[in-house]
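A look at the structure
Now for the letters of each chain:
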Amino acid sequence: MSAPRDLSAISGFAEDDGQGRLFAPSAARNIEPIADLLEYHAPTQGRALEIASGTGQHIAVLAGRLPQLVWQPTEISAARIASVDAWAKQSGELNILPAIALNATKAGWGRSHQGQNLITLSNLLHLISETEARTVIREAGQALAPEGIFHIYGPFLRDGHATSEGDADFDATLRAEDPEVGYKDDWDVIDWIHTSGMDLVQVIEMPANNISFVATRPF
């Protein structure tokens, strides 16, 4: 895309909690399963980059669960950057850096953020186009340090099909809003991971019909 696009209008409900923090019920529900998974796969030390940090609820928990990593949150929306920083401050975790602006759908950011030992993103790929999704994954592969871990979480099609009526309805709603976005197919994501120079480690079914993909950059 030519300019950053605020995805908040289609990314799900989030409200201001009155303390400068946005709160999304979905983020509160899914963070513990994500943290459990990352706790198992995460490196023992190094740098962690969160793409599209959203409200900031995730990184506040992840930094506490994975204190061996220094966390860099990112967003494209000024309001969400402020929310991420507010959540980080409220958490008291000292291993969270101030959030920075990053449009991960634009080519070139991988070279600017090289040496990451862990890169994670949640609930992004269904909100962007296929071209943008492929760019995100390709750039993540460039940003990873050797043996670094790349994690994707969100709703996906399985072999071209939605797994529930709710997912089918949500996918249709997204495509009605913007025909270029919508659920990506699990096999396509696996292919994009491989063509970006990473090895697939695991595909894990997550609660509420979501999937996590875990990949690594070979040494």
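A quick note: this is a predicted structure, and the numbers were derived from the prediction, not measured.

Rules and cut-offs
Counting restarts for each chain, with residues numbered from 1 along the sequence as it is written. Given that this is a predicted model, residues contribute local features only at a pLDDT of at least 70 and side-chain atom pairs are listed and counted only at 80 or more, while totals for whole chains, interfaces and linings are drawn from all residues. The basis for every side-chain value is the complete set of non-hydrogen atoms in the structure, without hydrogens or water. Runs of H or I in DSSP of at least four residues are treated as helices and runs of E of at least two as strands, each being numbered from the N terminus. To estimate the expected span of a helix, subtract one from its residue number and multiply by 1.5 Å. Only protein chains enter the calculation, and the probe is 1.4 Å; a residue is then buried if its accessible area is under 20% of its type maximum, exposed if over 50%, and partly exposed in between. Between two residues, a contact is recorded if the distance between any of their heavy atoms is within 4.5 Å. The term salt bridge refers to a pairing of a side-chain nitrogen on Lys or Arg with a carboxyl oxygen on Asp or Glu at a separation within 4 Å. To obtain each axis, a line is fitted to C-alpha atoms, and for helices this fit is confined to the stretch in contact; angles are then taken between N-to-C directions over 0 to 180 degrees. Working rule for handedness: look at the near helix, and if it is turned counterclockwise from the far one by less than a right angle, call the crossing left-handed; if clockwise, right-handed. Under the scheme applied here, ten amino acids are nonpolar (Ala, Val, Leu, Ile, Met, Phe, Trp, Tyr, Cys and Pro), four are charged (Asp, Glu, Lys and Arg), and all others, including Gly, are polar. Nine residue types can take part in a nonpolar core, namely buried Ala, Val, Leu, Ile, Met, Phe, Trp, Tyr and Cys, and a core is a set of them joined through side-chain atoms within 4.5 Å. A pair of aromatic rings is counted whenever rings of Phe, Tyr or Trp (Trp by its six-membered ring) have centres within 6.5 Å, and the orientation is called stacked for planes under 30 degrees apart, edge-to-face for over 60 and tilted otherwise. In this analysis the charged atom, NZ for Lys or CZ for Arg, is taken to sit over a ring once it is within 6 Å of the ring centre and within 35 degrees of the ring normal.

**Observations concerning helix H5 (residues 130–143)**
- The terminal C-alpha atoms of H5 lie 20 Å apart, and with 14 residues this matches the ideal 20 Å at 1.5 Å per residue to within 8%.
- Within H5 the residues assigned to the buried category are Glu 132, Ala 133, Thr 135, Val 136, Ile 137, Glu 139, Ala 140, Gly 141 and Ala 143.
- In this structure, the buried residues of H5 make contact with strand E3 (46–51), helix H4 (109–112), strand E6 (116–122), strand E7 (144–155) and helix H7 (186–195).

**Here we look at the pattern of salt bridges**
- Counted by the stated rule, this structure contains seven salt bridges.
- Notably, a salt bridge pairs Glu 205 with Arg 158, separated by 2.6 Å at the nearest N-O pair. Highlighted residues: Glu 205 in strand E8 (residues 199–206) and Arg 158 in the loop between E7 and helix H6 (165–177), separated in sequence by 47 residues.
- Judged by relative accessible area, Arg 158 falls into the buried class, the value being 14%.
- Here Asp 171 and Arg 175 are joined by a salt bridge, their closest N and O atoms 2.9 Å apart.

**Focus: the packing of helix H1 (residues 25–41) against helix H2 (residues 57–65)**
- At a closest axis distance of 10 Å, the pairing of H1 and H2 adopts a crossing angle of 30 degrees. H1 and H2 meet at a crossing whose hand is right-handed. Listed contacts from H2 to Ala 27, Ala 28, Asn 30, Ile 31, Glu 32, Ile 34, Ala 35, Asp 36, Leu 38 and Glu 39 of H1 are Gln 57, His 58, Val 61, Leu 62 and Arg 65.
- Residue composition of the contact of H1 with H2, by class: eight nonpolar, three polar and four charged.

**Let's talk about the nonpolar core**
- Formed by 27 residues in total, the largest nonpolar core has its most connected members in Ile 51, Ile 137, Phe 150 and Ile 152.
- Among the secondary structure elements, those contributing two or more residues to this core are E3, E6, H5, E7, H7 and strand E9 (210–216).
- Considering every element that reaches this core, the biggest residue donor is H5, with five residues.
- When near neighbours in sequence (up to four residues on either side) are disregarded, Phe 150 contacts Ile 119, Leu 121, Ile 137, Ala 140, Leu 144, Met 198, Phe 213, Val 214 and Ala 215.
- Ranked by size, the runner-up nonpolar core spans 24 residues in total, among them Ala 42, Leu 66, Ile 81 and Ala 88.

**Re the packing of aromatic side chains**
- Enumeration according to the criterion identifies two aromatic pairs in this entry.
- Here Phe 156 and Phe 213 contribute two aromatic rings whose centre-to-centre distance is 5.0 Å and whose plane-to-plane angle is 85 degrees, an arrangement assigned as edge-to-face. With Phe 156 in the loop between E7 and H6 and Phe 213 in strand E9, the pair connects residues that are 57 residues apart, well separated along the chain.
- On the basis of relative accessibility, which here comes to 2%, the residue Phe 156 falls in the buried class.
- Summarising the aromatic geometry, the rings of Phe 170 and Tyr 183 are spaced 6.1 Å apart at their centres and angled 80 degrees between planes, so their arrangement reads as edge-to-face. Highlighted residues: Phe 170 in helix H6 and Tyr 183 in the loop between H6 and H7, separated in sequence by 13 residues.
- Classification of Phe 170 by relative accessible area gives partly exposed; the value is 31%.
- Arg 21 extends its terminal NZ or CZ atom over the ring of Trp 87, reaching a point 4.5 Å from the ring centre.

By themselves, these are just geometric observations and shouldn't be taken as functional.
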